[in-house]
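# Residue-level structural notes
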Protein chains: 2
Amino acid sequence: MNSFTEENYLKAIYKLTEESIGNVTTNAIAEAMNTKAASVTDMIKKLSEKQLVNYAKYQGVTLTHKGEGIAIQIIRKHRLWEFFLVNKLNFKWDEVHDIAEELEHINSAPLVDRLDEYLGFPKFDPHGDPIPSKNGTLKIPNFFKLSKLETGERGTVSGVSDHSAAFLQYLEKQHLGLGIQLKVSEKNDYDNSMIIITEERTLFLSKEVANNILVAK
Amino acid sequence: MNSFTEENYLKAIYKLTEESIGNVTTNAIAEAMNTKAASVTDMIKKLSEKQLVNYAKYQGVTLTHKGEGIAIQIIRKHRLWEFFLVNKLNFKWDEVHDIAEELEHINSAPLVDRLDEYLGFPKFDPHGDPIPSKNGTLKIPNFFKLSKLETGERGTVSGVSDHSAAFLQYLEKQHLGLGIQLKVSEKNDYDNSMIIITEERTLFLSKEVANNILVAK
DNA sequence: TATGTTTTTTAGATCGCTCTAAATTAACCA
DNA sequence: TGGTTAATTTAGAGCGATCTAAAAAACATA
């Protein structure tokens, strides 16, 4: 059995691995976990002894097969619970992250399986992130940053890369949510802002916002 | 904020208070928590500093108003989650205790309130224990030990005082569950065993079993 | 490639919770 | 009421996770 802390390290390393090429550095983990590099080194050694990460001094880490499996199961739990909170308990998508951070550490395989079944085996969580299946497979959807669309192109809002309440609430205010169809009406080269048209309204979006919205073409 | 450990101590003290008269002793807590008396003394001091228990050396403890409030909220969460597991996820009543022991420490008032609403504000958990309301009130139902019924008396199975999987599975095997109506057909003074008649069958129950079944008259 | 900078690791300490062993206090009973 | 037993507390230590400060390795670039 692994502690909450160990699980959080594995999850952080998994996510950093997705974002980076090559090994994940000590400092990157420290930043992601809001802790100090020295603490990370200690934990890495422990995880390495448990064969959950591959580690050589000064070389950063990668997850072992076993470590990756655990990380994926935690992510599965997190996303299933988010789905539950939004679709059964009527939470808004900006309210569920912190609660799911706690729920993801509940340790019971039958609970996860029954929850999955109860929810109808959902494929995506409320933020558009794919939910790993029981056996740990996860098909990465083909989403693009909205900022990559060209003038005149159309897309459907399908995910976000910033899960903060602040960002999600901003989208809410603009009436932007998953499933919204849009068309790029104008792109501004100077600041990379853009103007888009949805069924409801015309919106001005900054570079930051357009970068954090994921669309399917 | 209190740690899981602190919460478990408060819960244990609350339950011991229900069962005993006067202050709860160090040894009783140690036994309930599966730990050593010395550890209990340490924790008691900490809880006392936080004003969650009243404590004087060698005198045992009582919960303060604040401590009792926290304990009741944990019990509320435990019982709501048990109800959820049985009634929504189709777990059996002997499978839910350990999972609820984890879920009860999830910290989110809106989560508890919405769960309560989602479940239809249930009054009793799957073992017949009353679920405290949001404001912490808890009406103790008027249940008796089955062993207290006299020959010829009737009752309805309404609760259990042993929540172990072993006991619950035994009841299951005898087709005894909440709501079952029964009549005492015979009591044996020698070993305090009894024979009861339900709609379905006639059962022999030992003293131990009859002591742990609660009935409403 | 040598030197300065950044990253990472090590050493040593702290905090929360637990333990064993020993000391202290309370309770019981002859 | 004094002595024995049982309950409780104290003292001191360990473990997991964290930190700061200092040392070591890797890197970057002039």
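Because the structure is predicted, anything quoted here is derived from the model rather than measured. (Residues numbered from 1 in each chain as written. Chains lettered and ligands numbered in written order. Predicted model: local features only at pLDDT ≥ 70, side-chain atom pairs only at ≥ 80, totals over all residues. Heavy atoms only, no water.)

## Some remarks on the overall build of chain A
A tally of helices and strands in chain A yields 8 helices and 8 strands. The C-alpha atoms of chain A give 19 Å as radius of gyration, which agrees with the globular expectation for 217 residues (17 Å, within 12%). Projected onto its principal axes, the C-alpha positions of chain A cover 55 × 45 × 25 Å. When the 217 residues of chain A are sorted by exposure, 43% land in the buried category. Relative to all contacts within chain A whose residues are 6 or more apart in sequence, the contacts with residues 24 or more apart total 62%. Approximately 11500 Å² of chain A is accessible, and the part contributed by carbon and sulfur atoms is 50%. The average position of the 26 basic charges and that of the 30 acidic charges among the side chains of chain A differ by 4 Å. (Helix = DSSP H or I, 4+ residues; strand = E, 2+ residues; numbered from the N terminus. Rg over C-alpha atoms; globule rule 2.2 N^0.38 Å. Buried < 20%, exposed > 50% of the residue type's maximum accessible area, 1.4 Å probe, protein only. Contact = heavy atoms within 4.5 Å. Areas by Shrake-Rupley, 256 points an atom, 1.4 Å probe, with all protein chains shown as cover. Lys, Arg positive; Asp, Glu negative; His and termini not counted. Charge placed at Lys NZ, Arg CZ, Asp CG, Glu CD.)

## Examining unusual backbone geometry
Notably, Y58 of chain A is not glycine yet its phi reads approximately 70°, a positive angle. Following the sequence through the fold, Y58 of chain A ends up in the loop between β1 (53-55) and β2 (61-63). For Q51 of chain B, which is not a glycine, the phi torsion comes out positive at approximately 65°. By the element assignment, Q51 of chain B lies in the loop between α3 (37-49) and β1 (53-55).

## Some words on the protein's contact with DNA strand D
Close to DNA strand D lie 20 residues; T35, S39 and K46 of chain A together with K45 and Y55 of chain B are nearest. Of everything in DNA strand D that lies within 4 Å of the protein, sugar and phosphate atoms constitute 80%. S39 of chain A is positioned with one of its side-chain polar atoms (N or O) 2.5 Å from a phosphate oxygen of DNA strand D. Take T26 of chain B: an N or O atom from its side chain is 3.0 Å from a phosphate oxygen of DNA strand D. Looking at the surface near DNA strand D, the elements that each hand over two or more residues are α1 (4-19) and α3 (37-49) of chain A together with α2 (26-33) and α3 of chain B. Among the residues making up the surface near DNA strand D, the classes are represented as 7 nonpolar, 8 polar and 5 charged. (Near = heavy atom within 4 Å. Polar contact = N/O pair within 3.5 Å; in protein donor to acceptor, adjacent residues only side chain to side chain. Nonpolar A, V, L, I, M, F, W, Y, C, P; charged D, E, K, R; others polar.)

## What about the sheet that holds strand β7 (residues 202-205) of chain A?
Residues and elements named next belong to chain A. Taken together, the 6 strands give an open sheet; going across it, the order is β3-β8-β4-β5-β6-β7, and neighbouring strands pair in antiparallel fashion. Strand pairing shows two members of the sheet lacking a second neighbour, β3 (144-145) and β7, which therefore form its edges. Of the strands in this sheet, β4 (154-160), β7 and β8 (213-216) are in contact with helix α7 (residues 165-173), which crosses β4 at around 145°. (Pairing = 2+ DSSP bridges. Axes fitted to C-alpha atoms, helices over the stretch in contact; angles between N-to-C directions.)

## Topic: the protein's contact with DNA strand C
In the vicinity of DNA strand C there are 20 residues, among which K45 and Y55 of chain A together with T35, S39 and K46 of chain B approach most closely. Here DNA strand C approaches the protein such that, of its atoms within 4 Å, sugar and phosphate make up 79%. One nitrogen or oxygen atom from the main chain of N27 of chain A is found 2.8 Å from a phosphate oxygen belonging to DNA strand C. At the level of elements, α2 (26-33) and α3 of chain A together with α1 (4-19) and α3 of chain B are the ones that each hand at least two residues to the surface near DNA strand C. Its residues placed into classes, the surface near DNA strand C shows 7 nonpolar, 8 polar and 5 charged.

## Here we look at the packing of aromatic side chains
Applying the stated rule across the entire model yields 9 aromatic pairs over all chains. One aromatic cluster is present, formed by W81, F84 and Y118 of chain A together with W81, F84 and Y118 of chain B through successive ring pairs. Between K217 of chain A and the ring centre of F144 of chain A, over which it is positioned, the NZ or CZ distance is 4.8 Å. Here R114 of chain B stacks its cationic end above the ring of F91 of chain A, 4.4 Å away from the centre of that ring. (Phe/Tyr/Trp six-rings, centres within 6.5 Å; stacked < 30°, edge-to-face > 60°. Lys NZ or Arg CZ within 6 Å of the ring centre and 35° of its normal.)

## Digging into the pairing of strand β5 (residues 181-188) of chain A
Residues and elements named next belong to chain A. In this sheet, β5 lies alongside β4 in antiparallel orientation, the contact comprising 3 bridges. When the bridges of β5 are listed, G155 appears paired with L182. Here β5 runs beside strand β6 (residues 193-198); their pairing, made up of 6 bridges, is antiparallel. Across the sheet, N188 pairs through a bridge with S193, a residue of β6. The loop that links β5 with its antiparallel partner β6 comprises 4 residues; one of these, N192, has a positive phi angle of about 60°.

## Focus: the relation of the copies chain B and chain A
By a simple turn and slide, chain B fits onto chain A: the slide is 0.0 Å along the axis, the RMSD is 0.2 Å, and the turn is 180°. Such values leave the two copies arranged in the relation of a two-fold axis. Considering only C-alpha atoms, the residue of chain B closest to the rotation axis is L103 of chain B, which sits at 3.8 Å. Most of the interface of chain B is mirrored in chain A, where 100% of its interface residues are also at the interface. (Least-squares fit on C-alpha atoms with pLDDT ≥ 70 in both.)

## Side note on the layout of surface pockets
In this structure, the largest pocket encloses a volume near 1200 Å³. In this structure, the largest pocket is lined by 36 residues; those nearest its centre are K15, E18, E19, R79 and H163 of chain B. Each of domain 1 (4-63) and domain 2 (144-216) of chain B gives at least three residues to the lining of the largest pocket. Space inside the second largest pocket adds up to approximately 790 Å³. Lining the second largest pocket are 25 residues, with E18, R79, D129, V160 and H163 of chain A sitting closest to its centre. Those elements giving two or more residues to the lining of the second largest pocket turn out to be α1, α4 (65-87) and β3 of chain A. Looking at side-chain class alone, the lining of the second largest pocket contains 10 nonpolar, 6 polar and 9 charged residues. Of the residues that make up the lining of the second largest pocket, three or more belong to each of domain 1 (4-63) and domain 2 (144-216) of chain A. (1 Å grid on protein atoms, 1.4 Å probe; cavity = no way out; pocket = protein on both sides within 12 Å on 5 of 7 lines; lining within 4 Å. Points joined across faces, edges and corners; volume = space filled by probe spheres on them. Domains from an automatic or database assignment.)

## Description of empty space enclosed by the protein
Residue and element names in this part refer to chain B. Evaluated as defined, the whole model comprises 1 cavity of 30 Å³ or more. By volume, the largest cavity is sized at about 30 Å³. K77, W81, I106, L111, V112 and L115 together form the lining of the largest cavity. For the lining of the largest cavity, the secondary-structure elements that each account for two or more residues are α4 (65-87) and α6 (109-118). With 3 residues, the single largest contributor to the lining of the largest cavity is α6. A class-by-class count of the residues in the lining of the largest cavity yields 5 nonpolar, no polar and 1 charged.

## Notes on the domain arrangement of chain A
Taken domain by domain, chain A holds domain 1 (4-63) and domain 2 (144-216). Placing a centre on the C-alpha atoms of domain 1 of chain A and another on those of domain 2 of chain A gives a separation of 33 Å.

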